[in-house]
Amino acid sequence: MDPAPATPRWNLERPYLTGRFHQEAKVAAAAQGAGSKPYSLDSFSRGGGGGGAESVIGSYAVSVQELLVIDDLLSALVGIEGRYISIKRVRGKEGYVVFQIDSSMDLALQELTRRIFPLCEDFVLVYHFVESRSHFKSGLVNHALAAALRAFLLDYQAMVAQLEHQFRLGRLSVQGLWFFCQRMMSSLNALAVLVEKAISNNTSGSATLNLLQSQAKAMAGDSAVRSLLEKMTECASAAYLRMLERWVYEGVIDDPYGEFFIAENKSLQKESLTQDYDAKYWQQRYSLKDGIPSFLTNVAATILTTGKYLNVMRECEYTVQVPLSESSKLMGFGSNHQYLECIKSAYDFASGELLTLMKDKYDLIGKLRSLKRYLLLDQGDFLVHFMDIAREELTKKPEEISVEKLQSLVDIALRSTAAASDPSHEDLTCCVERSSLLKKLSTLKDLDCAYPSDKLVAADVDHPMPLSVTGLETFCLSYKVQWPLSLVISRKALTKYQLIFRLLFHCKHVSRQLCTAWQIQQGFRSVKILGTPVLRSSILCRSMLKFVNSLLHYLTFEVLEPNWHLMHDRLQTARSIDEVIQIHDFFLQKCLKECLLLLPELLVKIEKLKALCLQYATSIQLLIPSIDVAKPENTSKSRMPRSKIKETKNRGQQLKLASENVVMSESILKFEAEFNSELQSLIPTLSNSSQAEPYLTHLGQCIIGVGVDQ
C-alpha cells in the first residue's frame, strides 16, 4: 500500500488552477480551414480571432509589430500564449512545449523573438516540475527542491513584472528585452537541464541529491550557475539531513516516502537470535538499500551501525541522549566535511554507550565465563557429581530419556557443588539431541569443514559401535540467554559451544569407563597369571587411558584455555559490539577447528578410537563379573551375606578363571590389535595434517607417546 496521501482529483481535473495552461486539444482535420493557425494545436489565445487580415501581424508596420510582439513575449515569458505567439505541447514528453510565432512577422523581429523562446520554454519546464513534484508521492527531497525552484521562479517573475512596467512606460524594445533576459538565461537553462534529467529518470530521494551534485560539478566554469545549483542542493538536502539526524541521534527511521538509504525489516524479531541457528536479525533487521547518496557512500556502513546500536539500547528500555550542540548539527553536505565529523562523533558515542551497557548492566564477560565453566567443562566437581547421579538415565536411548528428570539432576549437581556460588548457574538447562556428534556436524552447512558432509554421514554409519546411541553420546547442556546478550551469544554461537561440550563430555565418559575397567584390572595382581593374554589387558587399558587423557589434556589446555584467555584479553580492548561479536565468533571457530570438529578425517579416526576404548571398558566390566566360581553346594545360599575373607577368596578364584577363559582372552587380543591398528593409522594422518595445521603438533606428540608405550 502506498504510504503517500492521494492528490485531490480536482488538482488534475482543473489544470488551470495549477499553471497547466496548455491543453492537448484534439483538433479534427476537417476543422482546420485556411484561416487556422498551422503552428498550434490549440485555438486558445487572447485574441481569439478566427482569421483575416486584421489578425496577421505582418499587416502592421515594423514599429507596431515590435510593440505587439513585446506584449506577447512578456506573456510568453511566464508561459501564457499571446495573440501572435502560440504554444504547442510536445506529445509524449511531459512538461515540454514549443513556442511558435506568426510567420508574417518581420524577419529581423522573428530572429530576435526566437532567441528569447528558449527562456520561455525553460520556464514552462521548470514550472511543470515544481507543480508535479509537489505531490505527496514525490517525496520530501523533491518537495524541498520544488520549494527552492518556486522561490527562484518568484524572482524570475518579478523580473518579468519589472520588464512589463518598463514596457508600459515605453522604455522597452525587443533588443532591450533580449538584453535584460541574459542574466536569467543561463541560470534558468541550467535548472531546465536539471529538471529534464530528473523527469526523464523519475528521480527521488538520494537519486535527486546525486543529480544535483553532479550538475553542480559539471558547471564548474560558471561560478554563478554553480552557486545556484549548490544552493538548490542545500535546500533539497535539508529534508534528507533531518532523516539522517534522527537515525544517527535517535535510531529512528523517519522516512514516510521510502527515500532514506536504510531499510527496516519488521518481520525479523530479536527473539529469533535465541531460537534460529540461521537468524539474520543483526544483519538484516536494518540494512542498506540501493541508491546511497554519493557523498555518504564511504560512511554508509558507519551510519547504519550507529542507528543499530541506538535501537538496541532503545529495545533495552535504556534512555540514551546523544549530546547535541551547534557543532553536531548536520547543516549540509558541504566541502568542509563537517557532516562526516558529526557522524563519527555519533558513532563513537553510540558504540561506547552500548558496550558499557552490555559489560556493566548485563555482565557480558561474566556470562561468557559461565559458558566456559559449564559448556567447556571448566567446573570439574559439578560434572563429576552429575555424571554419578545421572548415570542410569544417561544410559537410556535418547527417545526414552526424561529431559525433566535430567534437568532436576543438573539442578541438584549445581546446588551440591561450588557452582552454587555462581549467580548464573540458574540459566543452565539441559537437552538431549537425536543424533550423534558426526551427524550433527553434517547438518550444519555453514561450518567450514574440509570434506563434504556426506563423508561424515558415511563415516558415522560405519562407526564401530555395536551398541545403540545413548544419552551419553547425545546429552548436551544449554544456556538461557536474554536480550541484548543474544547478539553475542546467539543460537549459532551456543550451538558451537554445545558441539565442543559433546566432544568433551563423551571423552570424560570414556575416561571414567576406562578407569572403572582399570580398577577391575588391578584385581589380577593378586592372581598368578603371568604368561596369559589377560595380563596384556592391563597394558592395553593403560594405553587407552593415556590416549583419552592425552586427548582431553590437548582439548582443555592446548586449545580451550589459551584461546579463551586470548579472547578475554581482546574483549577488554574492543570498541564496539560488532567487534565483540567478531572476536567471540573467531574464538568459537578457532576452537572448533583445533578441537578437530572441522577436520572430518581426523575426527572420524578419533571417534573410532574412543568407540574401541568404550567397547573394551564395557567388555571388561561385563565379562569378568559374569565369570562365577563353581560352587554347586552353595547355590541355595548365594543370597546370604558372606564374610570379607570368603569374598576375597572367591574373588581370587573368579579372576583366575577369567585369566583362563578363552572368550576373555580372545576379546582382549582382538581389542589390542584393533586399537593398535587405528592408533598407528592416526599417527601419519596427524603428522601430515600438522604441516598445514601447526596446532596438531601437540596432539601428535601425545599420540606418538601412546604408540611408544605399545
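This is a predicted model, so every value here is computed, not measured.

Cut-offs applied
Residues numbered from 1 in each chain as written. Predicted model: local features only at pLDDT ≥ 70, side-chain atom pairs only at ≥ 80, totals over all residues. Heavy atoms only, no water. Helix = DSSP H or I, 4+ residues; strand = E, 2+ residues; numbered from the N terminus. Contact = heavy atoms within 4.5 Å. Buried < 20%, exposed > 50% of the residue type's maximum accessible area, 1.4 Å probe, protein only. Axes fitted to C-alpha atoms, helices over the stretch in contact; angles between N-to-C directions. Parallel < 35°, antiparallel > 145°, perpendicular 65-115°, else oblique. Nonpolar A, V, L, I, M, F, W, Y, C, P; charged D, E, K, R; others polar. Salt bridge = Lys/Arg side-chain N within 4 Å of Asp/Glu carboxyl O. Phe/Tyr/Trp six-rings, centres within 6.5 Å; stacked < 30°, edge-to-face > 60°. Pairing = 2+ DSSP bridges. pLDDT = per-residue confidence, 0-100. Expected span 1.5 Å × (residues − 1). Bend = angle between axes of the 7 residues up to and from the residue. Polar contact = N/O pair within 3.5 Å; in protein donor to acceptor, adjacent residues only side chain to side chain. Disulfide = S-S within 2.5 Å. Arc of directions from axis to C-beta.

A.B. asks: Whenever I open this one, the overall build of the protein confuses me. Can you help?
C.D. replies: On a plain count of helices and strands, the protein comes out with 26 helices and 6 strands. A fraction of 75% describes how many contacts in the protein between residues 6 or more apart in sequence connect residues 24 or more apart.

A.B. asks: So what exactly am I meant to see when it comes to the environment of Val97 here?
C.D. replies: By secondary structure assignment, the location of Val97 is in strand S2 (residues 97–101). The class of Val97 is buried, set by a relative accessible area of 9%. C-alpha of Val97 to C-alpha of Val124: the two residues are 27 residues apart in sequence and 7.3 Å apart in space.

A.B. asks: Help me understand the packing of helix H13 (residues 364–374) against helix H21 (residues 535–572), please; the structure alone is not making it clear to me.
C.D. replies: Across the interface, H13 lies against H21 with an axial gap of 12 Å and an inter-helix angle of 175°. Of the possible angle classes, the one that applies to H13 and H21 is roughly antiparallel. Only Glu561, Trp564, Met567, His568, Leu571 and Gln572 of H21 make contact with H13, whose side of the interface consists of Ile365, Leu368, Arg369 and Lys372. Split by residue class, the contact of H13 with H21 holds 5 nonpolar, 2 polar and 3 charged.

A.B. asks: Would you explain the environment of Asn202 in this entry?
C.D. replies: Counting through the fold element by element, Asn202 comes out in the loop between helix H6 (182–201) and helix H7 (206–218). For the pair formed by Asn202 and Ser138, sequence separation is 64 residues and the distance between their alpha carbons is 9.2 Å.

A.B. asks: Please explain the pattern of salt bridges as it appears in this structure.
C.D. replies: Any two side chains of opposite charge can pair, on the condition that their charged atoms come close. All chains considered together, the criterion is met by 19 salt bridges. Across the pair Asp348 and Lys344 runs a salt bridge whose closest N-O atoms are separated by 3.1 Å. Taken as a pair, Asp348 and Lys344 lie in helix H12 (residues 338–361) at a separation of 4 residues, close to a single helical turn. Residue Glu393 pairs with Lys405 through a salt bridge whose shortest N-O separation is 3.5 Å. Of this pair, Glu393 sits in helix H15 (residues 391–394) while Lys405 sits in helix H16 (residues 403–416), and the two are 12 residues apart along the sequence.

A.B. asks: It is not clear to me how the packing of aromatic side chains should be interpreted in this structure. Could you clarify?
C.D. replies: The description of two aromatic rings rests on the distance between their centres and on the angle between their planes. The full count for this structure, using the stated rule, is 19 aromatic pairs. Consider the rings of Phe123 and Tyr156, whose centres lie 5.1 Å apart with planes at 25°: the pair is stacked. One end of the pair, Phe123, is in helix H3 (residues 107–132); the other, Tyr156, is in helix H4 (residues 140–168), and 33 residues separate them in sequence. Each member of the pair Phe123 and Tyr156 is classed as buried. Aromatic pair Trp247 and Tyr286: ring centres 5.3 Å apart, planes at 55°, arrangement tilted.

A.B. asks: Sorry, what's going on with the pairing of strand S1 (residues 85–89) here?
C.D. replies: Consecutive side chains along a regular strand alternate between the two faces of the sheet. With 4 of 5 residues buried, S1 is to be regarded as a mostly interior element. Relative to S2, S1 is paired through 5 bridges, and the arrangement is antiparallel. Bridge pairing in S2 places Ser86 opposite Gln100.

A.B. asks: Sorry if this is basic, but what is going on with unusual backbone geometry here?
C.D. replies: Peptide bonds are, in most cases, trans, and in most cases residues other than glycine have a negative phi. In this chain, Trp483 is followed by Pro484 through a cis amide linkage whose omega measures 5°. For Pro484, the location among the structural elements is in the loop between strand S6 (475–479) and helix H20 (491–521). Positive phi, close to 50°, is recorded for Asp363, a residue that is not glycine. Following the sequence through the fold, Asp363 ends up in the loop between H12 and H13. Of note, the phi angle at Leu596 is positive, near 75°, even though the residue is not glycine. Mapping Leu596 onto the fold places it in the loop between helix H22 (577–594) and helix H23 (600–626).

A.B. asks: Quick question: what am I supposed to make of the confidence of the model for the protein here?
C.D. replies: As a note on interpretation, predicted positions should not be read in detail where pLDDT is low. Confidence in the prediction for the protein averages 80 pLDDT; 78% of positions are at 70 or higher. The element-level mean pLDDT for the protein is lowest in helix H18 (residues 453–461), coming to 48, with H22 highest at 94. Confidence drops under pLDDT 50 across residues 23–54; counting only partners more than four residues distant or on other chains, this segment forms 44 contacts. When the criterion is pLDDT under 50, residues 456–467 qualifies, and its contacts beyond four places in sequence or with other chains add up to 19 contacts.

A.B. asks: How do you make sense of the packing of helix H2 (residues 62–76) against H3 when you look at a structure like this?
C.D. replies: Each pair of packed helices gets described by two things: the angle between the helix axes and the distance between those axes. Viewed as axis vectors pointing N to C, H2 and H3 meet at an angle of 5°, and their least axial separation amounts to 11 Å. Our classification of the angle between H2 and H3 gives roughly parallel. Where H2 abuts H3, its residues Val62, Gln65, Glu66, Val69, Leu73 and Ala76 lie against Leu109, Thr113, Ile116, Phe117 and Cys120. Residue composition of the contact of H2 with H3, grouped by class: 8 nonpolar, 2 polar and 1 charged.

A.B. asks: How do you make sense of the side chain of His568 when you look at a structure like this?
C.D. replies: Here His568 is to be found in helix H21. A residue is classified by how much of its surface remains accessible, and His568, at 19% relative accessible area, is buried. The residues touching His568, leaving out its near neighbours within four places in the chain, are Ile365 and Arg369.

A.B. asks: What am I meant to see in H3 here?
C.D. replies: Since the α-helix advances by 3.6 residues per turn, residues separated by three or four positions end up pointing in the same direction. With 26 residues, H3 should reach 38 Å at 1.5 Å per residue; the first-to-last C-alpha distance of 37 Å fits that figure. By the largest-angle criterion, Ile116 marks the main kink of H3, which is about 30°, and a proline, Pro118, follows within four residues. Two or three places before Ala108, at the opening of H3, Asp106 has a side-chain oxygen 3.2 Å from that residue's backbone nitrogen.

A.B. asks: Looking at this structure, how should I read the state of the cysteines?
C.D. replies: Among covalent bonds in proteins, the disulfide is the one between the sulfur atoms of two cysteines. The tally for this structure, following the rule as stated, stands at 0 disulfides. The thiol sulfur of Cys430 is not disulfide-bonded, and the nearest other cysteine sulfur, from Cys431, lies at 7.0 Å. Relative accessible area serves as the criterion here: at 9%, Cys430 is assigned to the buried category.

A.B. asks: How do you make sense of H16 when you look at a structure like this?
C.D. replies: With 14 residues, H16 ought to run about 20 Å at 1.5 Å a step, and its terminal C-alpha atoms sit 20 Å apart, in line with that. Looking at H16, one finds that the buried residues are Leu406, Gln407, Leu409, Val410, Ala413 and Leu414. Down the axis of H16, the smallest arc covering the buried residues is 160°, so these residues share one side. Residues of H16 that are exposed and point over 90 degrees away from its buried face: Glu404 and Arg415. Looking at the buried positions of H16, the neighbouring elements they touch are H13, helix H14 (380–389), H15, strand S5 (428–432) and S6.

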